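The chain contents come next:
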Amino acid sequence: QPSPIPSNVLDPTASPFIHNHERKHEITQDLDFVGKNHWSYSYMDTCDLREFPLHDDPDMFCTRYVMDYMWVNVEVLATDPILLVFHKFYSEKNAHAFREYINQKEMDLQKVVDQDDPSGAAGHTSRRANGTWMEHYENEITSTLFDFAQRRLPSLNLHGAEQWHALSYQQGGHYAPHHDFLYYTNETQWDWWMNEMGNRLATFLAVLETADEGGGTIFPQLPYVVHPEVGDVMLWLNMDVTDHSIAKSLHGACPILKGQKTAATLWIRIRDSRLSFLTDLTEPQYNLKQLIDPRGVPAIPSQKPKAKQPQE
Ligand SMILES: O=C(O)CCC(=O)C(=O)O
Ligand SMILES: [Fe+2]
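Keep in mind the model is a prediction, meaning the values are calculated, not measured.

Colleague: What should I look at first to understand the environment of Q170 in this one?
Modeller: Structurally, Q170 is set in the loop between β7 (164-169) and β8 (174-178). The spatial distance from the C-alpha of Q170 to the C-alpha of P255 is 9.0 Å, given a sequence separation of 85 residues. Those residues in contact with Q170 that lie beyond four places of it in its chain are I256, G259 and Q260. In terms of polar contacts, Q170 uses its side chain to reach the side chain of S168, at 3.4 Å.

Here it is, written out as C-alpha cells:
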C-alpha cells in the first residue's frame, strides 16, 4: 500500500519552506566547504531565503526619529527575541575606515571551542573566519564608532562589553548557528567576565562589508536570514529577564558563496545595563521601546582616554 503522505514529508532533510517559498538560489546545498557538517539542510534552506516567510507578521515594523540631529532608522524584525536592524547606523565612510583598519591587522583563524570536545581534537570547523580583538578605544576610528554606538544605545552598557571582535569571512567562510549566551555547568567555571559583568545580554553586530552572495546572518528558529548593508547594525538579545538564554536567539553566519564579508561585534554584558531598570521585570521581555527609541534616557559619557599633553 503506497503511503498517503507525500514523499518529501518522510524525507528528514526536506525543508518546510521549499514548498511555500520560491528558492532563488539552489547552490548552497551543493557547495562544499570546511565545516559543512555543522549545517543542516534546513539551515541551508533558510540561508537561501530571499524574503522573510512572514510578510504580515504584526511584530515587524520600522520606525525613524531624529537624535543628535541625525536620523535613526530602526527595523524591528522580531520582538521575541528582540531583533533589530539599525539601517545606515554608521556612514559608509566610517564603515570603510573601520574595515580598512581591520584589514591591515593580523588576524588569526578563529577557533571555537567545541562544548563537547574542549580539547579541540575534532577540529574547530564550526567557524571559518579570521578574527581579531580590538580595544574599544584602540584608535580614532574604533573610538568614534564605539562612542557613537553608546550614545545611540544608552539603555545598554557598552563600556562593559567585551572588546570589539572583528570577523572577516572569505568564500566558503561561515559561522554555524550558535548562541552567544555562555553556558557553564556551575559557578566555579565562571571567568572574570561572568563574575564581574554577567552574561551576554545582547549582541551588537556592525556590518562593514557584505558578501556578493551568501553570508547572511541566519536565525534558524525564527526562521529568518538577514542581509544587512554596509553601515547597518544588527542588535539582538540573547538573554531574557530571568537571566536565561533565549533559545530562539540561535544565529550564525551563512556560508559565503561569492565575495567576502567583514563584521565587528560587541558582546554586551548585562551588568549595569539600564534596560534592566527600565523594564517591568514581571514582563517576559525586556523593554523594546527603550532599545529602539531611547530618547530621554540620559547619555552615558565617553571613557575615551585623554590624549597626553605634550611635555613642556
Ligand atoms: O557574522 C555574523 O553574521 C554572525 C557573527 C556572530 O554570530 C558573532 O560574532 O557572534
Ligand atoms: Fe554569535
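Back to the text.
Colleague: Mind showing me how you'd approach the side chain of T265 here?
Modeller: Summarising the element assignment, T265 is placed in strand β16 (residues 261-269). Setting aside its immediate chain neighbours within four residues, T265 contacts Q163, W164, H165, T203, F204 and L205.

Colleague: In this structure, what is going on with the coordination of the iron ion (ligand 2)? I would like to understand it.
Modeller: Each donor-metal-donor angle in an ideal tetrahedron of four donors is 109.5 degrees, and each such angle in an ideal octahedron of six donors is either 90 or 180 degrees. Every protein donor of the iron ion (ligand 2) is accounted for by H178 (NE2), D180 (OD) and H251 (NE2), and the metal-donor separations fall at 2.1 Å. Site description for the iron ion (ligand 2): donor spacing in sequence, H-x1-D-x70-H. Here H178 is found in strand β8, whereas its partner H251 is found in strand β14 (residues 251-253), with 73 residues between them in sequence. As far as burial versus exposure is concerned, H178 and H251 are alike and both buried.

Colleague: What should I look at first to understand the confidence of the model for the protein in this one?
Modeller: Here the protein averages 85 in pLDDT, while 82% of its residues score no lower than 70. Low confidence marks residues 2-26, where pLDDT is under 50. Its contacts with residues over four positions away, or in another chain, come to 22 contacts. Low pLDDT (under 50) marks residues 113-123, which in the prediction has four contacts with non-local residues, meaning those over four places away or in another chain.

Colleague: Would you take a moment to explain helix α4 (residues 140-152) for this structure?
Modeller: Since the α-helix advances by 3.6 residues per turn, residues separated by three or four positions end up pointing in the same direction. Spanning 13 residues, α4 covers 18 Å between terminal C-alpha atoms, matching the ideal 18 Å at 1.5 Å per step. The element α4 is largely enclosed, with a buried count of 10 among its 13 residues. The complete set of buried residues in α4 reads I141, T142, S143, L145, F146, D147, F148, A149, Q150 and R152. The N-cap of α4, judged by a side-chain oxygen 3.1 Å from the amide nitrogen of I141 a few residues on, is N139.

Colleague: Looking at this structure, how should I read the nonpolar core?
Modeller: General note: in soluble globular proteins, nonpolar side chains tend to be found buried as a group. Within the largest apolar cluster, 48 residues are counted, with the highest numbers of intra-cluster contacts made by L84, Y90, W164, F204 and L235. Contacts of Y90, omitting those with residues within four sequence positions, involve L145, F146, F148, A149, W164, F204, A206, G231 and V233. In terms of nonpolar packing, the next biggest core, distinct from the first, is built from 13 residues, L83, F219, L222 and M234 among them.

Colleague: Looking at this structure, I do not really get the packing of aromatic side chains. What am I missing?
Modeller: Any two aromatic rings considered together are summarised by their centre-to-centre distance and by the angle between their planes. Counting across every chain of the model gives 15 aromatic pairs. On the numbers, 5.8 Å between centres and 75° between planes, the contact of F89 with F204 is edge-to-face. Remark: F204 occurs in strand β9 (residues 200-209) and F89 occurs in the loop between β3 (82-87) and α3 (92-103); sequence separation between them is 115 residues. The burial state of F89 is the same as that of F204; both residues are buried. Note on F219 and W236: the rings are 5.1 Å apart at their centroids and 85° apart in plane angle, and the pair reads as edge-to-face. Here the residue F219 occupies a position in strand β11 (residues 217-219), and W236 occupies one in strand β13 (residues 233-237), the gap between them amounting to 17 residues.

Cut-offs used in this document
- Residues numbered from 1 in each chain as written.
- Chains lettered and ligands numbered in written order.
- Predicted model: local features only at pLDDT ≥ 70, side-chain atom pairs only at ≥ 80, totals over all residues.
- Heavy atoms only, no water.
- Helix = DSSP H or I, 4+ residues; strand = E, 2+ residues; numbered from the N terminus.
- Contact = heavy atoms within 4.5 Å.
- Polar contact = N/O pair within 3.5 Å; in protein donor to acceptor, adjacent residues only side chain to side chain.
- Donors = N, O, S within 2.8 Å, 3.2 Å for Na, K, Ca; no water.
- Buried < 20%, exposed > 50% of the residue type's maximum accessible area, 1.4 Å probe, protein only.
- pLDDT = per-residue confidence, 0-100.
- Expected span 1.5 Å × (residues − 1).
- Core = buried A, V, L, I, M, F, W, Y, C linked by side-chain atoms within 4.5 Å.
- Phe/Tyr/Trp six-rings, centres within 6.5 Å; stacked < 30°, edge-to-face > 60°.

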